[in-house]
Amino acid sequence: MLLFYEDEPGSVELKSAEPNITMDTSTAQQIDPLRHYGSYAFIPYHNHTENGGVPTSTSFSPSHLTNIKALKVYNTSSWTYSGSLLPACSKSLPASFHAWSSLTLSDPSTLLHRLLPLLSFLQNYLSDAGVHCYWLTIRASKPTKEYDERRWHVDDDFFSPDFDGRAMQAPAPRNQSNRKSSERWKVCATLLGPSTVFLTDNDSALKTLRDTKAKQRISHQHTCTSIRCLGCSTYADSVRHSLSHSLSAFPTTSPAPKEVAFFRLGSRHGAVHSEPTCDVDRIFVNVVPGSDEELKGLLAKWGLEWPRAWCFGVPGGAVGSDEREALAKMRDEEVKEREERGRQG
């Protein structure tokens, strides 16, 4: 299950052109910003925020760039939010974000200088596409050897009725695959440290990945009784080791600083990608767009209310900040504002 950790992309690298977004007003999730670009695209985001945000210029001063490099991560942890698109304003961010960043980072204000322009881009870009909610995770990590061996994979469609979270879950037959799943996509960005690694020849990599998983699935047959299954874990390790060798000669690419990666999900059209080798501190942002009903249903699987913000990995356990009422009020106000704009338009 990759909702709380890193998930990312692989196909044709785009450095300057923004994708045309085709909007189907019947459902926001049929929007496909990658329609013309294959499995993934790198899109630059601009250093601007709404009133009340930290940065106001389009560039960083040399002294601030030094501060960015000096930003330290105290502990590997994450802050997660599921709700309406967050405004690019420090004062509007949930209280648990500020509590988490103060316990996790040497200088939370430095993170804001990188985060707010990204939130501004996401708010404008996604709302223009008809997407008004997301599941956003910011993961800060210390140096680790966990990804010295590449973990080539595609991300699952978490909203698919066939998704059960098991590593050995077989893909649905082609004639039963959900059309929506082929149009599902995610967004990721790196605010500190190395970026996610993608493969330039995604079609060949995807075929290699599918063939490898099918072969390993046959040799690791077992009765799976739990989502934390030892047999599934052994299978996943075998797939990872095999792909790290078979894809080692494939050319790779990564988003540049101040670029986001849009990428497809699923075994049929997904972007093959891996976490980077990471011997330095890193801050990674993962965004799963979804409708309010989809996200509400996803949280309900764990018995959680929606909207919600929480964190993991901070000293002493999770930050105790149940902001459900405040976030629900923010969501209601955003819906009313959107309806009013619709009446006026």
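As a further point, take the overall build of the chain. What the chain contains, in helices and strands, is eight helices and ten strands. Here the chain holds 345 residues, and the buried ones make up 50% of them. When contacts within the chain are restricted to residue pairs at least 6 apart in sequence, those whose partners lie at least 24 apart make up 86%. Accessible area for the chain stands at about 15900 Å²; split by element, carbon and sulfur atoms hold 50% of it.

Angle between the axes and distance between the axes are the two parameters that describe a pair of packed helices. Packing of helix α2 (residues 95-104) against helix α3 (residues 108-128) brings their axes to within 9 Å, and their N-to-C directions diverge by 125 degrees. Taken together, the axis directions place α2 and α3 in an arrangement best described as oblique. Note on element contacts: α3 touches α2 through P108, L111, L112 and L115, opposite F97, W100, S101 and S102. Taken together, the residues of the contact of α2 with α3 break down into six nonpolar, two polar and no charged.

Take helix α7 (residues 292-300) next. When we look at burial in α7, the residues that qualify are E294, L295, L298 and L299. Angular distribution of buried residues about the axis of α7 spans 130 degrees; they occupy a single face of the element.

Moving on: the environment of A88. In this structure, A88 sits in the loop between β2 (77-84) and α2. In this structure the C-alpha to C-alpha distance between A88 and L118, which are 30 residues apart in sequence, comes to 8.0 Å.

Take the packing of aromatic side chains next. Taken as a whole, this structure holds 13 aromatic pairs when the rule is applied. Arranged with centres 6.3 Å apart and planes meeting at 45 degrees, the rings of Y45 and F121 form a pair that is tilted. Pair noted here: Y45 is in the loop between β1 (40-44) and α1 (62-70) and F121 is in helix α3, with a separation of 76 residues, a long-range link.

On to the sheet that holds strand β5 (residues 197-199), then. The strands making up a sheet associate through hydrogen bonds between their backbones, and the pairing can be parallel or antiparallel. Sheet architecture is open: three strands sit in the order β6-β5-β8, paired in antiparallel fashion. The sheet terminates laterally at β6 (252-253) and β8 (273-274), the two strands that pair on one side only. Both β5 and β6 contribute to a ladder of two bridges, which runs antiparallel. Considered in β6, the bridge of L199 is made with T252.

Next up on the list: the pairing of strand β9 (residues 282-289). For β9, a buried count of eight out of eight residues is recorded, marking the element as mostly surrounded by other parts of the structure. In β9, alternate side chains face the same way, and those of R282, F284, N286 and V288 on one face and I283, V285, V287 and P289 on the other are all buried. In terms of strand pairing, strand β3 (residues 133-141) meets β9 through eight bridges, oriented antiparallel. Within the sheet, the bridge partner assigned to I138 lies in β9 and is V285. Pairing geometry for strand β4 (residues 185-192) and β9, over five bridges, is antiparallel. The residue bridging T190 from the neighbouring strand is F284, located in β9.

This brings us to the nonpolar core. With 42 residues, the main nonpolar core has W79, Y134 and I283 as its most contacted residues. Here this core gets ten residues from one element, more than from any other, and that element is α3. In this view, W79 contacts L86, P94, S96, F97, W100, L136, T137, I138, A309, W310 and C311; residues no more than four positions away in its chain are not counted. Residues V197, L199, L243 and V272 belong to the second largest nonpolar core, which totals twelve residues.

Turning our eyes to something else, we now look at the pairing of β4. In terms of burial, β4 is largely enclosed, as eight of its eight residues are buried. Inspection of the sheet shows β4 paired to strand β7 (residues 259-264) by four bridges, in the antiparallel sense. What sits directly across from C188, in β7, is A261.

Let's shift gears to the side chain of N202. Its place among the elements puts N202 in helix α5 (residues 202-219). Accessibility expressed as a relative area gives 1% for N202, which makes it buried. Side chain to side chain, N202 and S39 meet in a polar contact 2.9 Å long.

Right, let's get into unusual backbone geometry. Here the residue pair W306 and P307 is connected by a cis peptide bond, since its omega of 0 degrees sits within 30 degrees of zero. If you trace the backbone, P307 turns up in the loop between α7 and β10 (308-312). We note that K258 has phi near 65 degrees; this positive angle belongs to a residue other than glycine. The class for K258 is partly exposed, based on a relative accessible area of 28%.

As summarised here, the arrangement of the seven strands in space is β1-β7-β4-β9-β3-β2-β10, forming an open sheet in which the pairing is antiparallel. Each edge of the sheet is formed by a strand with only one pairing partner; in this case those strands are β1 and β10. The mean inter-strand angle of the sheet, taken between neighbouring strand axes irrespective of direction, is 15 degrees. Set on the sheet, α2 makes contact with β2, β3 and β10; between it and β2 the angle comes to about 165 degrees.

So, how was this worked out
Residues numbered from 1 in each chain as written. Predicted model: local features only at pLDDT ≥ 70, side-chain atom pairs only at ≥ 80, totals over all residues. Heavy atoms only, no water. Helix = DSSP H or I, 4+ residues; strand = E, 2+ residues; numbered from the N terminus. Buried < 20%, exposed > 50% of the residue type's maximum accessible area, 1.4 Å probe, protein only. Contact = heavy atoms within 4.5 Å. Areas by Shrake-Rupley, 256 points an atom, 1.4 Å probe, with all protein chains shown as cover. Axes fitted to C-alpha atoms, helices over the stretch in contact; angles between N-to-C directions. Parallel < 35°, antiparallel > 145°, perpendicular 65-115°, else oblique. Nonpolar A, V, L, I, M, F, W, Y, C, P; charged D, E, K, R; others polar. Arc of directions from axis to C-beta. Phe/Tyr/Trp six-rings, centres within 6.5 Å; stacked < 30°, edge-to-face > 60°. Pairing = 2+ DSSP bridges. Core = buried A, V, L, I, M, F, W, Y, C linked by side-chain atoms within 4.5 Å. Polar contact = N/O pair within 3.5 Å; in protein donor to acceptor, adjacent residues only side chain to side chain.

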